[in-house]
Amino acid sequence: MQRSKTIRYLAAFLVLGVFVLVFFALNVCIGSVKISLADIAASIMGVKTNQTMERILWDIRMPRAFAALILGGALALRLARAGYDIALAHGPGDISATVREIAATGAKCVPLPLDMADYAQACALPGRAVAALNGLSLCVNAAAIPMEGVLDERAYRVNLRSPYGITAYAAKAMEERDVQGAIVNVVPEDSMSMGLERVTRSAALEFSEFGIRVNNVRPQGNIEDIARCVLYFASIESDLATGQMLADGLCARAAHVPSPAFVKKPRPTEGRPRALI
């Protein structure tokens, strides 16, 4: 029995390895990867239908380069289920399956093509989201790629420079419309992480007087844990939390944070809340 189970797991990993290579080569979108691999794993490994592939990937600590592929689409779906309309930034590839899955929750989903390595496109993204959704109350930076070394300029642009631009312009868009919203940066586990943490704390200080909260999530758990951290920072329950870090649901750092008296409490959003991810 144990041998049969071991064989099933080995077969699953072999199949997954092939699909990882294919999807990387084709630069397939986040949502499509999640759905396809979940179905494959369920059939090969005999997992229960509610034990999705995303949990398997994070619980066995698959490399971040692969796990990151499913993160953005999975977070967008959870935000949609929580009542958010979604502006979904994406790279090349067909994301129609992800859009349909989000739309099935009753949420509006607007795909926004984006090259995260292009700083100008990143800075323009919040404005495009505002135009598409007629407002913006939450911005989640979840894109990241693995670093090939300290001189990997593309990783610098994708993991740090573009998230900086998106954070700054999303905060300005909220400020200009008097929206007391939230920005959450999912911090990559590489040498860019400290830089993005500093961006988050600086933005938290600058925009706290407008009721705009900027926080970090460090992805050390499975996607459900990351989603709960993001939803917590987006909710009224964290109305005095800004410049903070959550990792595995625990507060890991609270440095250079404005005093509670300095932070305006957010007002309830009229209509459905609107998220950019």
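Residues numbered from 1 in each chain as written. Predicted model: local features only at pLDDT ≥ 70, side-chain atom pairs only at ≥ 80, totals over all residues. Heavy atoms only, no water.

## Some points on the overall build of the protein chain
We count it as follows: Runs of H or I in DSSP of at least four residues are treated as helices and runs of E of at least two as strands, each being numbered from the N terminus. Relative accessibility under 20% of the residue-type maximum defines a buried residue, over 50% an exposed one, and the middle range a partly exposed one, all with a 1.4 Å probe and only protein chains included.
When helices and strands are tallied, the protein chain shows nine helices and eight strands. Counting across all 277 residues of the protein chain, residues that qualify as buried make up 50%.

## Brief notes about the nonpolar core
What counts is decided by this rule: What is meant by a nonpolar core is a set of buried Ala, Val, Leu, Ile, Met, Phe, Trp, Tyr and Cys residues, joined one to another through side-chain atoms within 4.5 Å. Residue contacts follow a heavy-atom distance rule, with two residues in contact if any of their heavy atoms lie within 4.5 Å.
Formed by 33 residues in total, the largest nonpolar core has its most connected members in L75, L79, I86, I102, L138 and V140. Contributing elements (two or more residues each) for this core: α4 (64-81), β1 (85-90), α5 (96-103), β3 (138-141), β4 (182-186) and α9 (223-234). What L79 contacts, discounting residues up to four positions off in sequence, is Y84, I86, L138, V140, V230, L231, A275 and I277. Within the second largest apolar cluster, 27 residues are counted, among which are L114, L125, A170 and L276.

## A few points about the packing of helix α7 (residues 153-176) against helix α8 (residues 193-207)
To be explicit about the condition: Here an angle of 0 to 180 degrees is reported between the N-to-C directions of two axes, which are lines fitted to C-alpha atoms, with helices fitted over the stretch in contact. Working rule for angles: under 35 degrees goes down as roughly parallel, over 145 as roughly antiparallel, 65 to 115 as roughly perpendicular, anything else as oblique. A clockwise turn of the near helix away from the far one marks a right-handed crossing, whereas an anticlockwise turn of less than a right angle marks a left-handed crossing.
Close contact between α7 and α8 brings their axes to 10 Å; oriented N to C, the two are set at 15°. Between α7 and α8, the interaxial angle falls into the category roughly parallel. When the axes of α7 and α8 are compared, the crossing they make is right-handed. Note on element contacts: α8 touches α7 through G195, L196, V199, A203 and F207, opposite N159, L160, P163, Y164, T167, A168, A171, K172 and E175.

## So, the pattern of salt bridges
The cut-off we apply is this: By definition, a salt bridge exists where a carboxyl oxygen of Asp or Glu is found within 4 Å of a side-chain nitrogen of Lys or Arg.
The final tally for this structure, using the stated rule, is eight salt bridges. A salt bridge links R157 to E153, with the shortest nitrogen-to-oxygen separation between them at 3.9 Å. In this pair, R157 and E153 both sit in helix α7, four residues apart, roughly one turn of the helix. The closest approach of N and O atoms between K172 and E175, which form a salt bridge, is 3.4 Å.

## Examining the packing of aromatic side chains
Heads up, the condition is: Side-chain rings of Phe, Tyr and Trp (the six-membered ring for Trp) are treated as a pair once their centres are within 6.5 Å; stacked means planes under 30 degrees apart, edge-to-face means over 60, and tilted covers the remaining angles.
According to the stated counting rule, one finds two aromatic pairs in the structure shown. Here the aromatic rings of F207 and F210 are separated by 6.4 Å at their centres, their planes lie at 50°, and the arrangement is tilted. The class for F207 is buried, based on a relative accessible area of 4%. An angle of 50° between the planes, with centres 5.6 Å apart, marks the rings of Y232 and F233 as tilted.

## Examining unusual backbone geometry
Its identity is not glycine, yet N134 carries a phi of approximately 60°, on the positive side. With respect to the helices, strands and loops of the structure, N134 is situated in the loop between α6 (119-133) and β3. On the accessibility criterion, N134 (65% relative accessible area) is exposed. The backbone of D178 sits at a positive phi, close to 55°, despite the residue not being glycine. One can find D178 in the loop between α7 and β4.

## What to know about the confidence of the model for the protein chain
To keep things clear, this is the line we draw: The score called pLDDT rates the predictor's confidence residue by residue, from a low of 0 to a high of 100.
Mean pLDDT over the protein chain: 76, with 66% of residues reaching 70 or higher. In this model residues 24-69 is a low-confidence stretch, pLDDT under 50, and it forms 83 contacts with partners more than four residues away in sequence or in other chains.

## Describing the packing of α6 against α7
Between α6 and α7, the shortest axis-to-axis distance is 8 Å and the interhelical angle comes to 30°. By the angle between their directions, the pair α6 and α7 is classed as roughly parallel. Regarding α6 and α7, the two cross each other, and that crossing is right-handed. Contacts between α6 and α7 pair Y119, A122, C123, L125, P126 and V130 from the former with R161, S162, Y164, G165, I166, Y169, A170 and A173 from the latter.

## Things to note about the side chain of T167
With respect to the secondary-structure elements, T167 resides in helix α7. Residue classification places T167 among the buried residues on the basis of a relative accessible area of 1%.

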